[in-house]
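Secondary and tertiary structure notes
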Amino acid sequence: MSLSVSGYIRQFYKGNVFGATANGRNGQPSYRLFSSDMKALRQAVRGLGDYDYNDQESDGEELVNKVKAFVNTYNNFVDSAKSMDDEEVDRYMSKLKKLTKGSAEELSDIGISIQNNGKLKIDEKTLAGTGRYEVSKLFSSDAEFSGKIEQQMKKTYNMMVRNSLNIPKQSTQSVKKTESGTQPPEVGDGTGEEEEKPPVQEDIELARQLVQALAGSSVDYTV
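Residues numbered from 1 in each chain as written. Predicted model: local features only at pLDDT ≥ 70, side-chain atom pairs only at ≥ 80, totals over all residues. Heavy atoms only, no water.

This brings us to the overall build of the protein chain. Check the secondary structure of the protein chain and you find 10 helices and 4 strands. Secondary structure elements in the protein chain, listed N-terminal to C-terminal, are α-α-α-α-α-α-β-β-α-α-α-β-β-α. Burial statistics for the protein chain: of 223 residues in total, 42% are counted as buried. Summarising the internal contacts of the protein chain: among those between residues at least 6 apart in sequence, 64% fall at separations of at least 24. A total accessible area of about 13200 Å² is found for the protein chain, and carbon and sulfur atoms account for 45% of it. (Helix = DSSP H or I, 4+ residues; strand = E, 2+ residues; numbered from the N terminus. Buried < 20%, exposed > 50% of the residue type's maximum accessible area, 1.4 Å probe, protein only. Contact = heavy atoms within 4.5 Å. Areas by Shrake-Rupley, 256 points an atom, 1.4 Å probe, with all protein chains shown as cover.)

A word on unusual backbone geometry. Backbone geometry places Asp-85, a non-glycine residue, at a positive phi of 50°. Mapped onto the elements, Asp-85 comes out in the loop between helix 4 (60-83) and helix 5 (87-101). A residue is classified by how much of its surface remains accessible, and Asp-85, at 70% relative accessible area, is exposed.

In this fold, Ser-30 is placed in helix 3 (residues 30-49). For Ser-30 and Ser-83, which are 53 residues apart along the polypeptide, the C-alpha to C-alpha distance reads 6.1 Å. Not counting residues up to four positions away in its chain, the partners in contact with Ser-30 are Ser-83 and Met-84.

Along the chain, the position of Asn-72 falls in helix 4. For Asn-72, a relative accessible area of 32% corresponds to the partly exposed category. Measuring from C-alpha to C-alpha, the distance between Asn-72 and Val-5 comes to 9.0 Å, with 67 residues separating the pair along the chain.

Topologically, Glu-144 is positioned in helix 9 (residues 144-164). For the pair Glu-144 and Ser-103, spaced 41 residues apart in the sequence, the C-alpha separation amounts to 9.4 Å.

In this section: helix 4. Between the first and last C-alpha of helix 4 there are 35 Å, a value that for 24 residues agrees with the 34 Å anticipated at 1.5 Å per step. Looking at the residues trailing helix 4, positive phi occurs at Asp-85, about 50°. (Expected span 1.5 Å × (residues − 1).)

Another aspect to go through is the confidence of the model for the protein chain. Parts of the prediction with low pLDDT should not have their coordinates interpreted in detail. Residue-level pLDDT values for the protein chain average 80, and 74% of them are 70 or greater. Across residues 171-200, confidence stays below pLDDT 50; counting only partners more than four residues off in sequence or on other chains, it has 19 contacts. Counting contacts from residues 213-223, a segment whose pLDDT is below 50, to residues more than four positions away or on other chains yields 20 contacts. (pLDDT = per-residue confidence, 0-100.)

So, about the packing of aromatic side chains. Summed over the entire model, instances satisfying the criterion amount to 5 aromatic pairs. Aromatic side chains Phe-70 and Phe-139 sit 4.9 Å apart centroid to centroid with 70° between the ring planes, which places their arrangement in the edge-to-face category. Residue Phe-70 is found in helix 4, and its partner Phe-139 is found in helix 8 (residues 132-139); the two are separated by 69 residues along the sequence. Each member of the pair, Phe-70 as well as Phe-139, carries the same accessibility label: buried. Chaining the aromatic ring pairs together yields one cluster made of Phe-70, Tyr-74, Phe-139 and Phe-145. The ring centre of Tyr-92 lies 4.9 Å from the NZ or CZ of Lys-95, which sits over that ring. (Phe/Tyr/Trp six-rings, centres within 6.5 Å; stacked < 30°, edge-to-face > 60°. Lys NZ or Arg CZ within 6 Å of the ring centre and 35° of its normal.)

Glancing now at the pattern of salt bridges. In total, this model carries 8 salt bridges according to the counting rule given. Asp-37 is the partner of Arg-25 in a salt bridge, and the nearest nitrogen-oxygen pair spans 2.7 Å. Placement of Arg-25 in helix 2 (residues 22-25) and of Asp-37 in helix 3 is noted, with a sequence separation of 12 residues between them. Taking the relative accessible area as the measure of exposure, Arg-25 reaches 13% and is therefore buried. Judged by its relative accessible area of 0%, Asp-37 is buried. Of the charged contacts in the structure, one is a salt bridge between Lys-68 and Glu-124, with a shortest N-O distance of 3.3 Å. A residue pair is termed long-range when its members are at least 10 positions apart, and Lys-68 in helix 4 and Glu-124 in helix 7 (residues 124-128) qualify at 56 residues. A cluster of three or more residues bridged by salt bridges with shared partners is formed by Arg-42, Arg-46 and Glu-150. (Salt bridge = Lys/Arg side-chain N within 4 Å of Asp/Glu carboxyl O.)

Okay, a negative patch on the surface next. A cluster of acidic residues, Glu-105, Glu-106, Asp-109 and Glu-134, forms a negative patch on the protein surface. Top element by residues in the negative patch is helix 6 (residues 104-109). It accounts for 3 residues. Secondary-structure assignment places Glu-134 in helix 8. Overall, Glu-134 belongs to the partly exposed group, its relative accessible area being 30%. (Patch = residues over 30% accessible without salt bridge, like charges linked within 9 Å, V, L, I, M, F, W, Y side chains within 5 Å. Lys, Arg positive; Asp, Glu negative; His and termini not counted. Charge placed at Lys NZ, Arg CZ, Asp CG, Glu CD.)

Structure representation (structure tokens):
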């Protein structure tokens, strides 16, 4: 049985229900919306990947509604990424927009156009008349487009967790080579002045939200 578009959106935002509706999103911190949109967009991609495109008796309305819900969720992510007002988030968002533009022709074939602000827009008549095969080229479990979107969500997640916990990228300084062998890096002179300060509570909460965004489960962080 097919759900309505809003029903699929609520399904994608399970565990972060405040992000599923305009009223629920209103007034929510940007990082919370960003993390819930990240999870929801991945769930939207997976939902379309699970659809049986070879079943000629499958519910066509289900496919149309899932595509509409995907577009809604994608647009939410564009909005929340912009509201983060973060240069690195902007760079990762630019990569997502670039890969989406790379599939502009295929998206247009099923009635989805890319607007100047990076959001997607649906021509419902074209989408309703599109065959399963055309949609599968974009959203089946082994489709390149959906695979790239999910991979970009993983990269964005890793970046946000790394930054929120002040974890540096892999560096040549992480391992010190000496004539006697491999030694761990120096950590200071023992005064304690060089010790890294623990993350503040808001950073921990952000990390928890971001882990939930892709893991889809509750994670308990303690300090």
